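Inside the fold
Each chain, letter by letter, is given below.
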Amino acid sequence: MRQAGRSLPEYRRLRAGRPMLEACLDPGLAAEITLQPVRRHGVDAAVLFSDIMVPLLLAGVAVRIVEGVGPVLDSPVRSAREVEALTAGTAGITDAAEAADAADTANAAGPGGHARSRGSEPASTGILSQAALEPIAQAVRRVVAELGTPRQPGEHEHLSPRARAGLEHSAGEAGWTPVIGFGGAPFTLAAYMVEGRPSRDHLAARTLMHSDPRSWDRLMTWCAQLTGSFMAAQVHAGASAAQLFDSWAGSLSPTDYRERVQPYSALALSIAGQALSPTTGTRPPLIHFGTGTALLLADMRQGADAVGIDERIGLRQAADLLAACPGGACPVQGNIDPALLAAPEPVLARAVQECLEAGRSAPGHVANLGHGVPPTTSPDVLTRIVAQVHGSESWQATARAGWDAPQEAH
Ligand code: CP3
C-alpha cells in the first residue's frame with residue numbers, strides 16, 4: 001500500500017533533502033527504496049517506489065508533492081479551454097466512438113456491417129514517449145535484476161545478514177520476488193488536476209463532470225491513456241502485476257461512477273493489461289483498488305483480475321458481493337485497518353487472523369492493509385504482520401528480534 005516505506009528510517013535517510021517526485025525519477029534511488037521493505041519485512045512482492053502523479057510530471061504538468069499535504073498543481077485544469085489545451089490531439093472516448101460510428105455509417109454498414117460499441121478502443125495511447133518513461137523503466141529493470149531471477153550464491157554479499165534473510169524469506173520456495181507496478185485511476189488523477197490540491201469532496205471535479213461532459217470525457221480519456229501507458233511501461237520493463245489506485249472513487253454515487261468514471265478506468269486497465277512482462281512471459285494480473293467503494297465493487301471488478309478492499313467494508317462481505325456480480329468471484333486484496341498498526345499487539349494479531357479467515361471465502365487473497373501505512377508506524381509491527389500471515393515460526397522469531405537486533409541473532 002501507498003507509502004509503506006515512509007515508516008522506515010533507512011527510507012527517510014535516503015530521501016532526506018530530495019523532493020518526492022525528483023526521487024521517483026532517479027532510477028538508482030527509486031530501485032534502492034523499492035528494495036528496502038522487501039529486505040526488512042520479507043514481503044512476497046516489491047511495490048515500485050514511484051507515485052501516481054509521476055506520469056503527469058512526465059507529461060509536462062507542473063505538479064509537486066508537498067509534505068503533509070499531498071499533490072499540488074500550479075495551474076489546475078478547470079475550464080473547457082484548459083482541458084482543450086492539455087488534451088490537444090487526444091480524442092475522448094465519446095469522440096472516438098462517434099468517429100467510429102460515423103465511419104461505420106459512411107461505409108454504409110450494409111449487410112455484414114457492425115456498429116462498434118462505445119468506449120471500447122482508445123484513439124491512441126501515445127501521450128508519453130518511451131524516452132520520457134525511461135527513468136521508470138530503468139528503476140524497474142534494476143529491481144527485477146535484484147529480485148526477479150533465482151538468486152546466485154554470493155549475489156547479495158554487500159548486504160547485512162538480516163537484509164539477506166529478508167530477501168530470502170521474500171523469495172520463498174519460488175526463489176524470486178515479483179515487482180508490482182501501479183498507476184492512479186483516471187478519476188483520482190482528474191480530481192487532483194481539477195482541484196489543484198487534495199480535497200475532501202472533489203466538488204470542482206464533480207461539477208465539471210456534470211456541467212461539461214465533453215471536457216470531462218477528454219480529460220478522463222487523457223488521464224486513462226497517460227496512466228495506462230505508465231503502467232504498461234512498468235510491465236514492459238519487468239513488473240509482473242499492476243495495480244490501479246482509485247483513492248477518491250468513494251466520493252461518487254454508483255450511477256456517476258458507472259457512467260462517467262468506470263469506462264475510463266477500464267480503458268487504463270486494458271492498456272496496462274496488453275503489455276507483456278518479460279519476467280513472467282505473460283500479461284499482468286490487474287488489481288483494482290479504491291477506498292469507500294462498497295457500492296462500486298461490481299463495477300470495479302470489470303476489466304480487473306482482483307479487487308482491492310479497504311477497511312470500511314468486511315472482507316467476507318466484499319468477497320460475497322463480488323461473487324454475486326456478473327464477473328463472478330475473484331481474488332481480493334486487503335483489508336487490515338491501518339489504525340490497528342498502533343493498537344496493542346493482541347488486538348492487531350486478532351484482526352490479522354480474522355482478515356486471513358475472511359480472505360478464504362474468495363478464490364484468492366492478497367493479505368494487505370485496507371489503505372496506506374501511517375508514517376508513525378513502528379516498522380517491526382509490519383514485519384510481525386508478515387510473519388503472522390506467512391505462519392513462519394523462524395520469520396516470527398526474526399520479526400520479534402527486530403531489525404536492529406545484533407546480527408548474530410539471525
Ligand atoms: O508504498 C509505497 O511506497 C509504494 C509507492 C507509492 C507511493 N505513492 C509513494 C509515495 C504508491 C503506490 C503511491 C500511490 C499514491 N500516491 C496514491 C494512491 C494510493 C492511495 O494511497 O490512496 C495517492 C493518492 C498518491 C498521492 C500522494 N503521494 C499523497 C496523497 C502523498 C502523501 C503526502 C503527505 O506527505 O501526506 C504522496 C507522497 C508519497 N508517495 C510518499 C511515498 C513514499 C511519501 C513521501 C514522503 O513523505 O517521504
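Keep in mind that what you see is a predicted model, and the values were worked out from it rather than measured. (Residues numbered from 1 in each chain as written. Predicted model: local features only at pLDDT ≥ 70, side-chain atom pairs only at ≥ 80, totals over all residues. Heavy atoms only, no water.)

Let us now look at the nonpolar core. Counting residues in hydrophobic clusters, the biggest one holds 106 residues, and the most contacted among them are Met53, Leu56, Met193 and Ile309. For this core, the leading source of residues is helix α11 (residues 213-236), giving 12 residues. (Core = buried A, V, L, I, M, F, W, Y, C linked by side-chain atoms within 4.5 Å. Buried < 20%, exposed > 50% of the residue type's maximum accessible area, 1.4 Å probe, protein only. Helix = DSSP H or I, 4+ residues; strand = E, 2+ residues; numbered from the N terminus.)

With that settled, consider the confidence of the model for the protein. When pLDDT is averaged across the protein, the result is 91; 93% of the residues are at 70 or more. In this model, residues 108-124 is a region of pLDDT below 50 whose contacts with residues beyond four sequence positions or in other chains number 19 contacts. (pLDDT = per-residue confidence, 0-100. Contact = heavy atoms within 4.5 Å.)

Turning next to the pattern of salt bridges. Counted by the stated rule, this structure contains 12 salt bridges. The closest approach of N and O atoms between arginine 18 and glutamate 22, which form a salt bridge, is 2.9 Å. In the salt-bridge network here, residues are joined through shared partners; they are Glu10, Arg40 and Asp380. (Salt bridge = Lys/Arg side-chain N within 4 Å of Asp/Glu carboxyl O.)

Another aspect to go through is the packing of aromatic side chains. Counting across every chain of the model gives 6 aromatic pairs. Ring centres of phenylalanine 182 and phenylalanine 230 lie 6.5 Å apart, and the angle between their planes is 90°; this geometry places the pair in the edge-to-face category. Placement of phenylalanine 182 in strand β4 (residues 179-184) and of phenylalanine 230 in helix α11 is noted, with a sequence separation of 48 residues between them. Judged by its relative accessible area of 7%, phenylalanine 182 is buried. Note on phenylalanine 230: relative accessible area 0%, which makes it buried. Grouping aromatic residues by their ring pairs yields a cluster made of Phe182, Phe230, Phe245 and Phe289. (Phe/Tyr/Trp six-rings, centres within 6.5 Å; stacked < 30°, edge-to-face > 60°.)

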